[in-house]
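# Summary of structural features
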Amino acid sequence: MRTLVHISDLHFGRVDPATVEPLTAAIRALAPDVVIVSGDLTQRARSEEFRAARAFLEVLPGPQIVVPGNHDVPLYNLAIRAFAPLRGFKKYIAFDPEPGYADEELVVQGLNTTRSSTWKNGRLNGAQLEKVRAAFERAPVGAVRVLVTHHPLDLPAPHSRHDLVGRAARAMPVLAACRADVLLAGHFHRAVSGDTSQRYDIRQFAALVVQAGTTTSTRLREEPNSFNLLKTSTDEITVDRYLWRPSEGLFASQLTERFRRTADGWRRAPAVVASAAEDVVVGKQMP
Ligand SMILES: [Fe+2]
Ligand SMILES: [Fe+2]
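Before going into details, it helps to say that this report is about the structure given with it. Given the structure is predicted, the values throughout are model-derived calculations rather than measurements. (Residues numbered from 1 in each chain as written. Chains lettered and ligands numbered in written order. Predicted model: local features only at pLDDT ≥ 70, side-chain atom pairs only at ≥ 80, totals over all residues. Heavy atoms only, no water.)

## Let's talk about the overall build of the chain
Along the chain, the regular secondary structure elements total six helices and 14 strands. For the chain, the C-alpha radius of gyration of 18 Å lies close to 19 Å, the compact-globule estimate for 287 residues. Its C-alpha atoms put the chain at 55 × 45 × 35 Å along the principal axes. In the chain, buried positions account for 55% of the 287 residues. Long-range contacts, defined here as pairs at least 24 residues apart, represent 71% of the contacts in the chain between residues at least 6 apart. On the chain, roughly 12500 Å² of surface is accessible, and the fraction owed to carbon and sulfur atoms is 52%. Considering the chain, the positive charge centre built from 36 side chains and the negative charge centre built from 31 side chains are found 6 Å apart. (Helix = DSSP H or I, 4+ residues; strand = E, 2+ residues; numbered from the N terminus. Rg over C-alpha atoms; globule rule 2.2 N^0.38 Å. Buried < 20%, exposed > 50% of the residue type's maximum accessible area, 1.4 Å probe, protein only. Contact = heavy atoms within 4.5 Å. Areas by Shrake-Rupley, 256 points an atom, 1.4 Å probe, with all protein chains shown as cover. Lys, Arg positive; Asp, Glu negative; His and termini not counted. Charge placed at Lys NZ, Arg CZ, Asp CG, Glu CD.)

Listed below in structure tokens is the structure:
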């Protein structure tokens with residue numbers, strides 16, 4: 001079994017400062033095998049925002065798989081936007097915007113879906129699909145294969161294909177061929193999980209889709225700050241959603257969703273909703 005903490009859309013520059021230390025404490029207490037950050041570390045790709053994001057990452061456990069989001073590309077500096085869009089990300093966060101991780105039970109590949117030519121929407125290209133294909137085809141038998149992007153490859157209704165990363169439909173057969181298991185993304189600041197079988201009718205294939213909300217920012221979309229904890233094994237994956245409780249000053253697990261591997265790919269198993277008495281609280285600061 002492997003544990004992954006999935007945070008996203010931190011938006012340093014628009015962070016709710018109350019969330020940061022409890023989040024750090026929660027992640028350290030969970031001691032995950034991998035920490036995943038699916039983009040939008042900053043609000044406007046300013047140096048001071050990247051520095052704050054860097055300081056935040058420094059106190060989290062590793063390894064860390066961090067990919068950029070559209071907010072990590074400068075909006076107004078057109079020269080940098082055109083010729084060095086990831087300059088700040090590479091300087092302060094990670095030189096490689098498409099990092100990978102592999103052990104005998106877990107393979108993770110990050111891809112950069114940001115593009116200079118579009119502000120909000122992202123895109124994938126053939127070289128990137130080749131990169132993920134190569135990584136997943138090298139994976140040991142039974143290892144869970146996780147793709148991390150900022151812009152999602154799938155979203156539940158009522159989202160249309162226009163909300164998805166560019167060329168998502170072209171990517172899916174490649175991901176099916178290399179047996180991708182989990183697609184992690186952010187961007188919409190809404191936490192939701194499901195599988196790809198509704199949108200993509202691919203024989204004997206459905207990947208698990210896990211969207212993270214915004215973990216620390218005030219750019220909320222009618223739901224609290226949150227992050228995901230995934231526990232992965234060959235045939236079962238659970239997704240725990242930790243929600244921010246401002247009155248208590250902590251993140252607590254409030255929803256656990258289970259997914260099982262079937263002959264047709266990943267499918268949801270009966271959900272377990274924790275009662276208030278069963279809430280899992282981690283990293284609580286001692287008074
Ligand atoms: Fe965002
Ligand atoms: Fe975004």
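Continuing now.
## Some thoughts on the coordination of the iron ion (ligand 2)
Every protein donor of the iron ion (ligand 2) is accounted for by Asp40 (OD), Asn70 (OD1), His150 (NE2) and His187 (ND1), and the metal-donor separations fall at 2.1 to 2.3 Å. Bound by four donor atoms, the iron ion (ligand 2) shows angles of 86 to 158° at the metal and therefore irregular coordination geometry. Look at where the donors of the iron ion (ligand 2) fall in the sequence and you get D-x29-N-x79-H-x36-H. Between the iron ion (ligand 2) and the iron ion (ligand 1), both coordinated by Asp40, there is a metal-metal distance of 3.6 Å. Of the two residues, Asp40 sits in the loop between strand S2 (34-38) and helix H2 (47-58) while His150 sits in the loop between strand S6 (144-148) and helix H6 (168-177), which places them 110 residues apart along the sequence. Both residues of the pair, Asp40 and His150, count as buried. (Donors = N, O, S within 2.8 Å, 3.2 Å for Na, K, Ca; no water. Tetrahedral: all angles 85-135°; square planar, octahedral: opposite > 155°, others 65-115°.)

## Re the nonpolar core
Ranked by internal contacts, the top residues of the largest apolar core, which has 30 residues, are Ile7, Val37, Leu41, Phe56, Leu57, Ile93 and Phe227. Mapped onto this core, the elements with two or more residues apiece are strand S1 (2-7), helix H1 (17-30), S2, H2, helix H4 (87-93), strand S10 (226-232) and strand S11 (236-245). In terms of residue count, H1 provides more of this core than any other element does, five residues in total. Discounting residues that sit within four places of it in the chain, Leu41 has contacts with Leu10, His11, Phe12, Ala53, Leu57, Val66, Val67, Asp72, Phe89 and Ile93. If you look at the next biggest cluster of nonpolar residues, it comprises 26 residues, including Leu124, Leu155, Ala168 and Ala207. (Core = buried A, V, L, I, M, F, W, Y, C linked by side-chain atoms within 4.5 Å.)

## Observations regarding the sheet that holds strand S9 (residues 208-211)
Pairing in this open sheet of six strands is mixed, and the strands run S4-S5-S6-S7-S9-S8 from one edge to the other. If you trace the sheet from one side to the other, it starts and ends with strand S4 (100-102) and strand S8 (192-195), each paired once. Across the sheet, the mean angle separating the axes of adjacent strands is 15° when strand polarity is ignored. Taken together, the four bridges between strand S7 (residues 182-185) and S9 define a ladder with parallel strand orientation. Each residue of the ladder has a partner; that of Ala185, found in S9, is Gln211. (Pairing = 2+ DSSP bridges. Axes fitted to C-alpha atoms, helices over the stretch in contact; angles between N-to-C directions.)

## Quick word on the coordination of the iron ion (ligand 1)
Protein-derived coordination of the iron ion (ligand 1) comes from Asp9 (OD), His11 (NE2), Asp40 (OD) and His189 (NE2), at a distance range of 2.0 to 2.3 Å. Because the angles between the four donor atoms bound to the iron ion (ligand 1) fall within 88 to 175°, the donor set is best described as irregular. A residue is classified by how much of its surface remains accessible, and Asp40, at 1% relative accessible area, is buried.

## Description of the packing of aromatic side chains
Under the definition given, this model contains five aromatic pairs. When the ring of Phe50 is compared with that of Tyr92, the centres are 6.1 Å apart and the planes differ by 10°; the resulting orientation is stacked. Residue Phe50 is located in helix H2, and its partner Tyr92 is located in helix H4; the two are separated by 42 residues in the primary sequence. The pair formed by Phe50 and Tyr92 is uniform in burial state, with each residue classed as buried. A centroid spacing of 5.1 Å and a plane angle of 45° characterise the contact between Trp244 and Phe251, whose relative ring orientation is tilted. Since its relative accessible area comes to 8%, Trp244 is described here as buried. Here Phe251 falls in the buried class, since its relative accessible area comes to 1%. By way of ring pairs, the aromatic residues Phe227, Tyr242, Trp244 and Phe251 are connected into one cluster. Residue placement shows Lys90 over the ring face of Phe95; its charged tip is 5.6 Å from the ring centre. (Phe/Tyr/Trp six-rings, centres within 6.5 Å; stacked < 30°, edge-to-face > 60°. Lys NZ or Arg CZ within 6 Å of the ring centre and 35° of its normal.)

## A look at helix H5 (residues 126-137)
Helix length check: H5 (12 residues) gives 16 Å between terminal C-alpha atoms against 16 Å at 1.5 Å per residue, within 8%. Along H5, the positions that sit buried rather than exposed are Gln128, Leu129, Val132, Ala135 and Phe136. Here the buried residues of H5 occupy an arc of 125° about the axis, which is enough to place them on one side. Counted as exposed and oriented over 90 degrees from the buried face of H5: Gly126 and Ala127. (Expected span 1.5 Å × (residues − 1). Arc of directions from axis to C-beta.)

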